[in-house]
Amino acid sequence: MIIKNGLVLRKNRFKKMDIQIKKGIITKIAEKIDDTKDKQIIDASGKHILPGFVDLHTHLRDPGQTYKEDIVTGTRAAAKGGYTTICAMPNTEPIVDNIATVEYIKRKANDLGYCKVLVIGALTKKSEGIEIAEIGNMLEGGIVAVSDDGKCVQNTKIMLNAMKYVSSFNIPIIIHAEDYSLSGKGQINAGKMSTKLGLGGIPALAEELIISRDIMLAENLKCHLHIAHISTARSIQMVREAKQRGLKITAEVTPHHLLLTEEACASYDTNTKVKPPLRTEKDRMACVEGLLDGTIDFIATDHAPHSDFEKEKEFSIAPFGINGLETAFASLFTGLVLNKKLELPFLINKISTTPAQFLKLNCGEISKGKYADIAIADLDAEILFSPESILSKSNNTPYINKTLKGKIEKTICEGRITWDSGA
Ligand SMILES: [Zn+2]
């Protein structure tokens, strides 16, 4: 395969180049590659050639909740969004706390998937926060991290023991920081908006207390702590200080926490109901600032599909979660790059290069010898996220029926075309 005439992202700049791919690997990048023997030529004139995106935080809902999503629809949605690798969170039914379920996901993704799927194992059995899961066993099955995401270990002594155990393996613990005694039955960020709408509030403190606790524990145990979907200004400041002390603490932020605030909940649209909740403008600015100064390492979607019948309920009983894989790039490109908050190469670094490096993967940049994991984007083209156009089984996105710029025309995963908007 040869991709011709595209604007290729190399060393933070776009340059018109041709790319040759053989056996799933990038074999040559040059100003002109002519190979009459190569039957598959993609003309990418005027298009931007980006390294395929890598998502550290995807809920595939398979096994057990396949009415929301499954491995096939989830990976198709990922490919449409420009993703070539995603990490499956373990809060399925059953929970991924054993090697058999790890192997089921890997096998199904390998046989039927549209992108590469890496598996995150549970930290505790059934993610109940009581007994440590069979982590050593799951590592043999190839898990890349452990997390009870969706839930949070409340008991400090259990978290201490879990961290001590995980620190003997070379993988991160990913935390969903939420003190249940403070978040309670909260629905949206605690503050002006929750009072105005008469909805229960989730205070910033519910997240900050756990982050503070877990940074302290990780500092004592020299464990790699990764904070999922960080959302408050003070949480980000704590990570900044921990990094300055030289701790192995990393963090991710979601597209929705970078782009939206609690104001989006004013219409009682359940597609804005998410955990952690959309916060204030001050918190959103801190997320952008934290990303810019490197405190936040990368962007992860927290793709959390739910079916229409679940989301079409009153706000207080609808489940938490936003569908993210198909809208992530376009929403970030439209909201942050076109608005001149970030440069495009910086954004690509945060959705592809850095997460790939985090997992030590041979992708995340376009260079010779790397996997041919590539997204071809038409930055001027608009996309309408209508329910009919969405490939995920779920439509729970605040961008439903909205138009954004930055269309992924084609996605190539190890040399195989996994998404083609023209097909
Ligand atoms: Zn979470």
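K.L.:
Provide a residue-level description of the overall build of the chain, including the pertinent values.
P.N.:
The helix and strand inventory of the chain stands at 13 helices and 18 strands. Relative to the compact-globule value of 22 Å for 423 residues, the chain shows a C-alpha radius of gyration of 21 Å, a close match. Each of the three principal axes of the chain carries a C-alpha extent, and together these read 65 × 45 × 45 Å. Counting across all 423 residues of the chain, residues that qualify as buried make up 61%. Within the chain, contacts between residues at least 6 apart in sequence are counted, and of these 74% link residues at least 24 apart. Accessible surface, the chain as shown: approximately 17000 Å² in total, 51% of it carbon and sulfur. Of the charged side chains in the chain, 55 are positive and 52 negative; the average position of the first set lies 4 Å away from that of the second.

K.L.:
Before we move on, could you go through the pattern of salt bridges and cite the residues and values that matter?
P.N.:
Inspection of the entire model under this criterion finds 21 salt bridges. Between Glu-365 and Lys-370 there is a salt bridge, with the nearest N and O atoms lying 3.9 Å from each other. Given the relative accessible area of 17%, Lys-370 is considered buried. Here the salt bridges do not stand alone but share partners, grouping Lys-4, Asp-18 and Asp-34 into one network.

K.L.:
With reference to specific residues and values, describe a nonpolar patch on the surface.
P.N.:
Nonpolar side chains collect at one region of the surface, where Leu-182, Leu-205 and Leu-209 lie side by side and expose about 210 Å² of accessible area between them. Note on placement: Leu-205 falls in helix H7 (residues 204-221).

K.L.:
Before we move on, can you summarise the environment of Thr-250 with the specific residues and values?
P.N.:
By secondary structure assignment, the location of Thr-250 is in strand E14 (residues 249-253). Distance in space between the C-alpha atoms of Thr-250 and Thr-36 is 47 Å, their sequence separation being 214 residues. Thr-250 has contacts with His-224, Leu-225, His-226, Ile-227, Lys-243, Asp-297 and Phe-358, leaving out every residue within four places of it along the chain. At 2.9 Å, the side chain of Thr-250 and the side chain of His-224 are in polar contact.

K.L.:
So, helix H13 (residues 344-358): which residues are in play, and what are the values?
P.N.:
The first and last C-alpha atoms of H13 sit 20 Å apart over 15 residues, in line with the 21 Å expected at 1.5 Å per residue. Along its length, H13 reaches its greatest deviation from straightness, about 45°, at Lys-350. Counting buried positions over the 15 residues of H13 gives 12, a clear majority of the element. Leu-344, Pro-345, Leu-347, Ile-348, Lys-350, Ile-351, Ser-352, Thr-353, Thr-354, Pro-355, Ala-356 and Phe-358 are the residues of H13 that are buried. Once H13 ends, the next one or two residues include Lys-360, with phi positive near 55°.

K.L.:
Let's hear about helix H12 (residues 328-337): which residues, and what values?
P.N.:
Buried residues dominate H12, accounting for eight of its 10 residues. Of all the positions in H12, only Ala-328, Phe-329, Ala-330, Ser-331, Leu-332, Phe-333, Leu-336 and Val-337 are classed as buried.

K.L.:
I'd like to hear about the packing of aromatic side chains, residue by residue, with values.
P.N.:
Inspection of the entire model under this criterion finds six aromatic pairs. Plain terms: the ring middles of Phe-53 and Tyr-83 are 5.5 Å apart, the flat faces sit at 80° to each other, and that makes the pair edge-to-face. Of this pair, Phe-53 sits in strand E6 (residues 53-58) while Tyr-83 sits in strand E7 (residues 83-88), and the two are 30 residues apart along the sequence. Tyr-83 matches Phe-53 in its accessibility class, with the two residues each being buried. Feature note: the residues Phe-53, Tyr-83, Phe-329 and Phe-333 constitute an aromatic cluster, connected by ring pairs. Across the ring face of Tyr-371, the terminal group of Lys-116 is positioned such that the distance to the ring centre comes to 4.2 Å. Here the basic side chain of Lys-275 rests over the ring of Phe-320, its NZ or CZ set 4.6 Å away from the ring centre.

K.L.:
I'd love a proper account of the sheet that holds strand E8 (residues 116-121), names of residues and values included.
P.N.:
Ordered by their spatial adjacency, eight strands build an open sheet running E6-E7-E8-E9-E10-E13-E14-E15, and the pairing between neighbours is parallel. Each edge of the open sheet is held by one strand with a lone partner, namely E6 and strand E15 (298-299). The pairing of E14 with E15 spans two bridges and is classified as parallel. Paired with Val-253 across the strands is Ile-299, a residue of E15. Strands in contact with H13 are E6, strand E13 (225-227), E14 and E15; relative to E6, the strand with the most contacts, it is inclined by about 70°.

K.L.:
Go over the packing of helix H4 (residues 156-166) against H7, please, and point to the residues and values.
P.N.:
Interhelical geometry of H4 versus H7 gives an angle of 40° and a closest axis separation of 10 Å. One element, H4, and the other, H7, form an angle in the oblique class. Every pair of crossing elements has a handedness; the one defined by H4 and H7 is right-handed. Note on element contacts: H7 touches H4 through Arg-213, Asp-214, Leu-217, Ala-218 and Leu-221, opposite Thr-156, Met-159, Leu-160, Met-163 and Lys-164. Residues that form the contact of H4 with H7 fall into these classes: six nonpolar, one polar and three charged.

K.L.:
With reference to specific residues and values, describe the pairing of strand E3 (residues 25-30).
P.N.:
Side-chain positions along a regular strand alternate between the two faces of the sheet. Pairing of strand E2 (residues 13-22) with E3 involves five bridges; the strand directions are antiparallel. Bridge pairing links Asp-18 to Ala-30 in E3. Connecting E2 to the next strand, E3, in antiparallel fashion are two residues, including Lys-23 with a positive phi near 50°.

K.L.:
Lay out the pairing of E8 with the relevant residues and their values.
P.N.:
Where burial is concerned, most of E8 is hidden: five out of the six residues are buried. Pairing of E7 with E8 involves four bridges; the strand directions are parallel. In the strand pairing of E8, Ile-86 is matched with Val-117. For E8 and strand E9 (residues 145-147), the ladder comprises two bridges, and the chain directions are parallel. Of the residues in E9, the one forming a bridge with Ile-120 is Ala-145. Where the polypeptide runs from E8 across helix H3 (residues 135-140) and back to E9, its parallel neighbour, the crossover connection is right-handed.

About the cut-offs
Residues numbered from 1 in each chain as written. Predicted model: local features only at pLDDT ≥ 70, side-chain atom pairs only at ≥ 80, totals over all residues. Heavy atoms only, no water. Helix = DSSP H or I, 4+ residues; strand = E, 2+ residues; numbered from the N terminus. Rg over C-alpha atoms; globule rule 2.2 N^0.38 Å. Buried < 20%, exposed > 50% of the residue type's maximum accessible area, 1.4 Å probe, protein only. Contact = heavy atoms within 4.5 Å. Areas by Shrake-Rupley, 256 points an atom, 1.4 Å probe, with all protein chains shown as cover. Lys, Arg positive; Asp, Glu negative; His and termini not counted. Charge placed at Lys NZ, Arg CZ, Asp CG, Glu CD. Salt bridge = Lys/Arg side-chain N within 4 Å of Asp/Glu carboxyl O. Patch = residues over 30% accessible without salt bridge, like charges linked within 9 Å, V, L, I, M, F, W, Y side chains within 5 Å. Polar contact = N/O pair within 3.5 Å; in protein donor to acceptor, adjacent residues only side chain to side chain. Expected span 1.5 Å × (residues − 1). Bend = angle between axes of the 7 residues up to and from the residue. Phe/Tyr/Trp six-rings, centres within 6.5 Å; stacked < 30°, edge-to-face > 60°. Lys NZ or Arg CZ within 6 Å of the ring centre and 35° of its normal. Pairing = 2+ DSSP bridges. Axes fitted to C-alpha atoms, helices over the stretch in contact; angles between N-to-C directions. Parallel < 35°, antiparallel > 145°, perpendicular 65-115°, else oblique. Left-handed = near helix turned anticlockwise from the far one by under 90°. Nonpolar A, V, L, I, M, F, W, Y, C, P; charged D, E, K, R; others polar. Right-handed = clockwise from strand over helix to strand, strands pointing away.

Don't take any of this as a statement about function, it's just geometry.
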